[in-house]
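Below are the chains, spelled out letter by letter.
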Amino acid sequence: MSSILSAPFTIAARQTSAPLPRCRFLSTVAVLLQIARIIMAHASPPHRPVAAGIDLGGTKIEATLFGADLLAITARRTPTPNASYGALLAALEHEVQWLRRQAGCEDLPVGIGMPGLVDAQTGVTFAANLSANGQRLSPDLRDRVGGTVVAANDSQCFTLSESCGGAARNHRRVFGLALGTGVGGGLCQDGRLVPGLNGMAGEIGHYGISALLARTHDLPLLTCGCGRVGCYETLISGTGMANLATALIGAPRTARSIGAHLDDPGNQRVMAVWADLAGELLHTIMLHVDPDCIVLGGGLSNIPDLDTYLAAAVDRAALPRARRPEILKPAFGDSSGCRGAALLARDLHNRM
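All values derive from a computational prediction rather than experimental measurement. (Residues numbered from 1 in each chain as written. Predicted model: local features only at pLDDT ≥ 70, side-chain atom pairs only at ≥ 80, totals over all residues. Heavy atoms only, no water.)

Caption draft 1: Structural detail: helix α3 (residues 85–103). Between its first and last C-alpha atoms α3 spans 27 Å; for 19 residues at 1.5 Å apiece the expected length is 27 Å, and the two agree. Along α3, the residues that are buried comprise Y85, L88, L89, A91, L92, E93, E95, V96, W98, L99, R100 and A103. Buried residues along α3 sit in contact with β1 (49–56), β2 (60–67), β3 (72–79), β4 (110–114), α4 (137–145) and β7 (149–153). Positioned one or two residues after α3, G104 has a phi angle of 65°, which is positive. (Helix = DSSP H or I, 4+ residues; strand = E, 2+ residues; numbered from the N terminus. Expected span 1.5 Å × (residues − 1). Buried < 20%, exposed > 50% of the residue type's maximum accessible area, 1.4 Å probe, protein only. Contact = heavy atoms within 4.5 Å.)

Structural data, given as structure tokens:
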């Protein structure tokens with residue numbers, strides 16, 4: 001009886017005792033290592049450093065170290081050197097080394113969020129306000145510091161951050177709208193960034209202004225930094241709002257002063273036309289990608305009740321019976337772009 005009972009187990013043992021082919025063995029080991037990395041990342045103490053993000057702007061570099069809970073551990077700011085590409089690379093190398101020393105990890109993954117476009121295939125960047133324009137920033141920096149280094153558009157990094165544990169964590173299709181010195185955006189689906197063929201998904205600042213609104217409000221068609229004429233960025237960015245003030249009330253006023261004094265009749269007029277333009281842009285986003293929500297970022301998002309202005313403007317512009325996406329303020333404020341860059345670097349490191 002005992003021999004009969006043990007027979008199936010003996011057969012199973014014989015079937016599994018044959019050595020696996022080398023290719024299958026290596027593939028299995030790779031999968032197991034990746035699973036172990038993911039488990040370790042999620043099981044890490046909340047404040048154990050796992051990745052870093054660098055916000056690279058035209059005037060400052062902000063380097064932030066993040067823990068396993070994706071909250072900032074430490075951060076610092078330094079001026080952006082614009083004398084040469086070599087000087088910029090040296091400054092970024094210095095920041096990466098500082099971050100890795102703080103983390104006690106020589107191969108800490110580092111993500112860089114920056115204005116402009118980053119070609120995912122070649123690493124070539126297109127950023128008019130940086131000496132890295134036309135250069136292979138992330139590959140060149142990786143050659144200097146080693147480890148995982150990745151660069152992406154800062155608005156896309158912002159969108160990823162707010163999609164993963166941020167204001168949009170309960171939504172599947174998320175559009176991040178950055179309203180600052182320029183106008184940018186990004187698209188996430190199910191917590192994953194959708195950069196597009198050229199890394200241009202979300203570059204809505206370069207849509208052309210509505211002809212109807214330009215004629216209705218007698219608006220100027222201005223040359224954009226991209227070289228095109230009549231981009232939304234020229235009238236609804238921070239500098240664009242100042243351009244609107246000059247056109248509508250004949251007085252140069254900054255976006256900060258307009259947002260801080262909304263009881264002024266001139267500022268109210270500027271804000272009303274700005275909201276019309278921004279509402280039309282948001283409706284265009286709805287027509288193109290139909291997001292569940294739109295998260296606002298950038299300096300203009302700090303204007304009181306901006307989300308209310310935009311919701312009313314979208315309702316005026318939208319097609320009949322169209323459901324307006326929820327308009328949200330960001331959960332992580334000004335540090336959200338850094339956090340998204342760190343997310344990109346962490347996930348890339350875990351896949352390697």
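Caption draft 2: Here's a closer look at the pattern of salt bridges. Overall, the coordinates contain eleven salt bridges when judged by the stated rule. Taking the shortest distance from any N to any O, the salt bridge between D264 and R253 comes out at 2.8 Å. One end of the pair, D264, is in the loop between α9 (255–260) and α10 (265–289); the other, R253, is in the loop between α8 (238–249) and α9, and eleven residues separate them in sequence. R253 gets classed as partly exposed once you look at its relative accessible area, which sits at 27%. The shortest N-O distance in the salt bridge between D276 and R316 comes to 3.0 Å. (Salt bridge = Lys/Arg side-chain N within 4 Å of Asp/Glu carboxyl O.)

Caption draft 3: Summary view of the side chain of E233. With respect to the helices, strands and loops of the structure, E233 is situated in helix α7 (residues 233–236). With no salt bridge to any partner, buried E233 finds its closest opposite charge in R228, at an N-O distance of 10 Å. Sequence-distant contacts of E233, that is, excluding residues within four places in its chain, are made with G182, V183, G205, H206, C224 and G240. (Lys, Arg positive; Asp, Glu negative; His and termini not counted.)

Caption draft 4: Spotlight on the nonpolar core. Residues L177, M241, L244, W274 and L277 are the most contacted members of the largest nonpolar core, which totals 42 residues. Looking at this core element by element, the count peaks at twelve residues for α10. Here L244 is in contact with L219, L235, I249, V270, V273, W274 and L277, once residues within four sequence places are set aside. (Core = buried A, V, L, I, M, F, W, Y, C linked by side-chain atoms within 4.5 Å.)

Caption draft 5: The arrangement of the packing of helix α5 (residues 154–163) against helix α12 (residues 336–351) in detail. Following both chains from N to C, one finds α5 and α12 inclined at 85°, their axes separated by 7 Å at the closest point. Of the possible angle classes, the one that applies to α5 and α12 is roughly perpendicular. The residues of α12 that touch α5, namely those facing D154, C157, F158, L160, S161 and E162, are S336, G337, R339, G340, A341, L343 and L344. For the contact of α5 with α12, the per-class residue count stands at six nonpolar, four polar and three charged. (Axes fitted to C-alpha atoms, helices over the stretch in contact; angles between N-to-C directions. Parallel < 35°, antiparallel > 145°, perpendicular 65-115°, else oblique. Nonpolar A, V, L, I, M, F, W, Y, C, P; charged D, E, K, R; others polar.)

Caption draft 6: Here's a closer look at the packing of α3 against α4. As a packed pair, α3 and α4 sit with axes 10 Å apart at the nearest point and diverge in direction by 55°. By the angle between their axes, α3 is oblique relative to α4. Seen from above, α3 lies across α4 with right-handed handedness. Here α3 contributes Y85, G86, L89, A90, L92, E93, V96 and R100 to the contact with α4, which in turn contributes L137, D140, L141, R144 and V145. (Left-handed = near helix turned anticlockwise from the far one by under 90°.)

Caption draft 7: Here's a closer look at the environment of T239. Its location among the elements puts T239 in helix α8. By relative accessible area, T239 is classed as partly exposed at 45%. Residues T239 and T254, spaced 15 residues apart in sequence, show a C-alpha to C-alpha distance of 7.4 Å.

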